[in-house]
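# Summary of structural features
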Amino acid sequence: MVADDKPASTFKYSEKPVYTTSNGCPVENPEEYQRVGQNGPLLLQDFHLIDLLAHFDRERIPERVVHAKGAGAYGEFEVTHDISDITEIDMLSNVGKKTSAIARFSTVGGEKGSPDTARDPRGFSVKFYTEEGNWDWVYNNTPVFFLRDPTKFPLFIHTQKRNPQTNLKDATMFWDYLSTHQESIHQVMHLFSDRGTPYSYRHMNGYSGNTHKWTKPDGTFNYVQVHLKTDQGNKTFTNEEAGKMAAENPDWNTQDLFDSIQNKEYPSWTVCVQVLSPEQAEKFRWNIFDLTKVWPQKDVPLRPFGKLTLNKNVENYFAEIEQVAFSPSHLVPGVEPSADPVLQSRLFSYPDTHRHRLGVNYQQIPVNAPLRAFNPYHRDGAMAVNGNYGANPNYPSSYRSMTYKPVKASQQHEKWAGAAVSYLFEVTPEDFVQAKALWDVLGRTPGQQDNFISNVAGHLGAAKKDTRERTYEMFSNVDKELGASIKKATESDAPAPTSQAAGQAESRQFPQTV
Ligand code: NDP
């Protein structure tokens, strides 16, 4: 508490708080400092100056290793359709039921200061403050991802980051990885379509990608995938427009989201679910735990059930967006993770990141705090700021009664047995089928296939020759003509190779927009 007996953050602009040091001691002039005479050295006793400098020195926390650049806002979710036949999730229990939420959108590979319009998947995360705990949707704007083996995640991400020697983005690293891990092809098709450069965060869809389980009161469950369809319509930049915007206003998407909410043009998404019973899943053509595959909508139709609307900007970016901590493991009764191996690894990795970036008590930060939580066995640790459960015993004590709410678990549904094995999915011709389906989807809109070819060519031209050749073969596996067209466009476009660094004789700088 500071002057006037108020928490520091609650002072309004209209009020005139007394300026103090961090321990609340009034300071007459924040620009003055103590020294010996007019020209002598500083005094160590000057707590105001040391307080100021020492705090400034510690202003930065580690940026997220992925999804570092982002923007977000508060909003609400409303149930629009009865889906009580397929779920017992409290938040979805009644038509008209509303739940507060915060969303954060982001690019994936770039650093915190990188341009919003980079060609990259977009993170699409929402935290719902439900009556039964915080439920996080940690989604992307593409329904698939580059990989389905969790070990590959750090390896793949490294190839989208900077070359360890040159510290430059490196097209050879990028395409070398993709062309030698061709299960990525479906996501590559998404990334190099114009949806790889969305016009704004408001004009893109969100997809769970990973498969989850929704349980039912009768003890059974279904596998589900969730889709958020933009009500603003899908709108994209061309490669050229995205590059231009990156130079003119690298924070364009951040600004667009803030301004639209400030102007009361509240963005919204229609939320739908795809549902497969365990029996259907077993007979399904596609492995439902394979993150590189969609569930075709003609086979598994979208069922609408809600609307997400963003209607309030944050007061403080760092407190509410930089510190918001989403995790696929933040679940509520009625929803469970599936055996999707990438999801399973994410269950570990996200809270691990938060403990590293924000500390062990990251759930106590106001933006992350659930409506109510009671776990007195979580004690102490850095920044225990919620009262640390006061005098409550820190073990299951016979002197302290607690209510234990029965939660139905569906663990009995799946019985896993087998030898412990080292596993890796193999790449097969099946991996190109949905990539080809997307190529055909692009063909429905005039110009989309041409843009795709030039988007790839503009980027691939900067890679080494043998990597380029391998990449043409990869695209030929989708469609023979596509491979040939990309080759033609890339080789005629490709500027003469330059040597950027030792060992990178034909590698050129990664284009700005990727
Ligand atoms: P459908 O024809 O039923 O669905 C096509 C989907 O593609 C629609 O959801 C549409 O989204 C989306 N789409 C349209 N244009 C583009 C584009 N330029 N880039 C990316 N997505 C686009 O087909 P299927 O369900 O059989 O899927 C065919 C292909 O469509 C898949 O291989 C997949 O890559 C892609 N797709 C499929 C999704 C799924 O979950 N089944 C989701 C998104 C894409 P919208 O309605 O918003 O325009």
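Everything numeric here is computed off the predicted structure, so don't read it as measured data.

A word on the overall build of the protein. Each helix and strand counted, the protein has 13 helices and ten strands in total. Computed over its C-alpha atoms, the radius of gyration of the protein comes to 26 Å, within 12% of the 24 Å expected for a compact globule of 514 residues. Counting only C-alpha atoms and orienting by the principal axes, one finds that the protein spans roughly 75 × 70 × 50 Å. Looking at the 514 residues of the protein, the share that counts as buried comes to 48%. Counted over contacts in the protein with a minimum sequence separation of 6, partners at least 24 positions apart contribute 71%. A total of about 26100 Å² of accessible surface is found on the protein, and carbon and sulfur atoms cover 53% of it. Positive and negative side-chain charges of the protein, numbering 54 and 62 respectively, have mean locations separated by a distance of 2 Å.

Time to look at empty space enclosed by the protein. Applying the stated rule across the entire model yields three cavities of 30 Å³ or more. In this structure, the largest cavity spans a volume of roughly 110 Å³. As for the largest cavity, its lining consists of 15 residues, of which W135, D136, W137, Y139 and H212 are closest to the centre. Elements with a minimum of two residues in the lining of the largest cavity: β4 (133-140), β6 (212-215), β7 (221-230) and α9 (341-357).

Looking now at the site of the ligand. The full set close to the ligand counts 21 residues, and H186, R195, K229, Q297 and R444 are the nearest of them. N234 places a polar side-chain atom, nitrogen or oxygen, 3.1 Å from an oxygen atom of the ligand. Here Q434 contributes a backbone N or O atom positioned 2.9 Å from an oxygen atom of the ligand. Considered on its own, the ligand offers 780 Å² of accessible surface; in the complex 80% of this is hidden by protein. Of all the secondary-structure elements, those providing two or more residues to the shell around the ligand are α4 (185-191), β7 and α10 (433-442).

With eight of ten residues buried, helix α3 (residues 171-180) lies mostly within the body of the structure. Looking at the buried positions of α3, the neighbouring elements they touch are α2 (152-160), α4, α11 (448-460) and α12 (465-478). For α3, the N-terminal capping position is held by D170, with its side-chain oxygen 2.9 Å away from the main-chain nitrogen of T172.

This paragraph deals with the UniProt feature "binding site: heme" (unreviewed entry) in the protein. The residues that UniProt annotates with the feature "binding site: heme" (unreviewed entry) are Y350. Counting through the fold element by element, Y350 comes out in helix α9. Using a relative accessible area of 22% as the deciding quantity, one classes Y350 as partly exposed. Ignoring anything within four residues of it in the chain, the contact list for Y350 reads V138, F326, S327 and P328.

Another point: the UniProt feature "active site" (unreviewed entry) in the protein. Those places that UniProt annotates as "active site" (unreviewed entry) correspond, in this numbering, to H67 and N140. Spanning 74 residues, the annotated positions come together in the fold, the maximum distance between their C-alpha atoms being 10.5 Å. Along the polypeptide, H67 turns up in the loop between α1 (47-57) and β1 (70-79). For N140, the location among the structural elements is in strand β4. Among the residues examined, N140 registers a relative accessible area of 15% and is labelled buried. Look past the residues within four positions of N140 in its chain and what remains in contact with it is H67, R122, G123, F124, F145, N205, G206 and Y207.

Turning our eyes to something else, we now look at the pattern of salt bridges. Oppositely charged side chains can form a pair if their charged atoms are brought close together. By the definition in use, this model includes 30 salt bridges. Among the salt bridges present, the one from D290 reaches R148, with a minimum N-O distance of 2.9 Å. On the criterion of sequence distance, the pair formed by D290 in the loop between α7 (278-283) and β9 (303-312) and R148 in the loop between β4 and α2 is long-range, its members being 142 residues apart. Both residues of the pair, D290 and R148, belong to the buried class. Across the salt bridge formed by D431 and R148, the nearest N and O atoms sit 2.7 Å from each other. Of this pair, D431 sits in the loop between α9 and α10 while R148 sits in the loop between β4 and α2; the two residues are 283 residues apart in sequence, bridging distant segments of the chain. Neither residue differs from the other here; D431 and R148 are each classed as buried. Among the charged side chains, a network of salt bridges with common partners joins R64, K112, E322 and R357.

Another point: the domain arrangement of the protein. If you check the domain split of the protein, you get domain 1 (1-52) and domain 2 (70-142 + 204-368). For domain 1 and domain 2, the distance between their C-alpha centroids amounts to 42 Å.

Below, the discussion takes up the packing of aromatic side chains. For the structure on display, the rule yields 31 aromatic pairs. Each ring, one from F105 and one from Y201, has its centre 5.3 Å from the other, and the planes form 20°; the classification is stacked. Here Y201 lies in the loop between α4 and β5 (206-207) and F105 lies in strand β2 (residues 98-107), a separation of 96 residues in the sequence. On the numbers, 4.6 Å between centres and 70° between planes, the contact of F128 with W137 is edge-to-face. On the basis of relative accessible area, F128 is assigned to the buried category, the value being 0%. Note on W137: relative accessible area 1%, which makes it buried. Among the aromatic residues, those joined into a cluster by ring pairs are F77, F128, W135, W137, Y139, W214 and F305.

Okay, the packing of α11 against α12 next. Where α11 contacts α12, the two axes come as close as 12 Å, and the packing angle between them is 160°. In terms of orientation, α11 lies roughly antiparallel with respect to α12. For the pair α11 and α12, the sense of crossing is right-handed. Contact residues: F452, V456 and L460 in α11; R468, T471, Y472 and F475 in α12.

Burial in α2 covers these residues: K152, F156, I157, T159 and Q160. Mapping the buried residues of α2 onto a view down its axis gives an arc of 155°, with all of them on the same face.

The volume enclosed by the largest pocket comes to roughly 1400 Å³. P370, R372, A373, F374 and N375 are, among the 36 residues lining the largest pocket, the residues nearest its centre. Those elements giving two or more residues to the lining of the largest pocket turn out to be β4 and α9. Along the lines of polarity and charge, the residues of the lining of the largest pocket split into 16 nonpolar, 13 polar and seven charged.

Rules used throughout
Residues numbered from 1 in each chain as written. Predicted model: local features only at pLDDT ≥ 70, side-chain atom pairs only at ≥ 80, totals over all residues. Heavy atoms only, no water. Helix = DSSP H or I, 4+ residues; strand = E, 2+ residues; numbered from the N terminus. Rg over C-alpha atoms; globule rule 2.2 N^0.38 Å. Buried < 20%, exposed > 50% of the residue type's maximum accessible area, 1.4 Å probe, protein only. Contact = heavy atoms within 4.5 Å. Areas by Shrake-Rupley, 256 points an atom, 1.4 Å probe, with all protein chains shown as cover. Lys, Arg positive; Asp, Glu negative; His and termini not counted. Charge placed at Lys NZ, Arg CZ, Asp CG, Glu CD. 1 Å grid on protein atoms, 1.4 Å probe; cavity = no way out; pocket = protein on both sides within 12 Å on 5 of 7 lines; lining within 4 Å. Points joined across faces, edges and corners; volume = space filled by probe spheres on them. Near = heavy atom within 4 Å. Polar contact = N/O pair within 3.5 Å; in protein donor to acceptor, adjacent residues only side chain to side chain. UniProt positions renumbered as here; feature names shortened; annotations may be inferred. Salt bridge = Lys/Arg side-chain N within 4 Å of Asp/Glu carboxyl O. Domains from an automatic or database assignment. Phe/Tyr/Trp six-rings, centres within 6.5 Å; stacked < 30°, edge-to-face > 60°. Axes fitted to C-alpha atoms, helices over the stretch in contact; angles between N-to-C directions. Parallel < 35°, antiparallel > 145°, perpendicular 65-115°, else oblique. Left-handed = near helix turned anticlockwise from the far one by under 90°. Arc of directions from axis to C-beta. Nonpolar A, V, L, I, M, F, W, Y, C, P; charged D, E, K, R; others polar.

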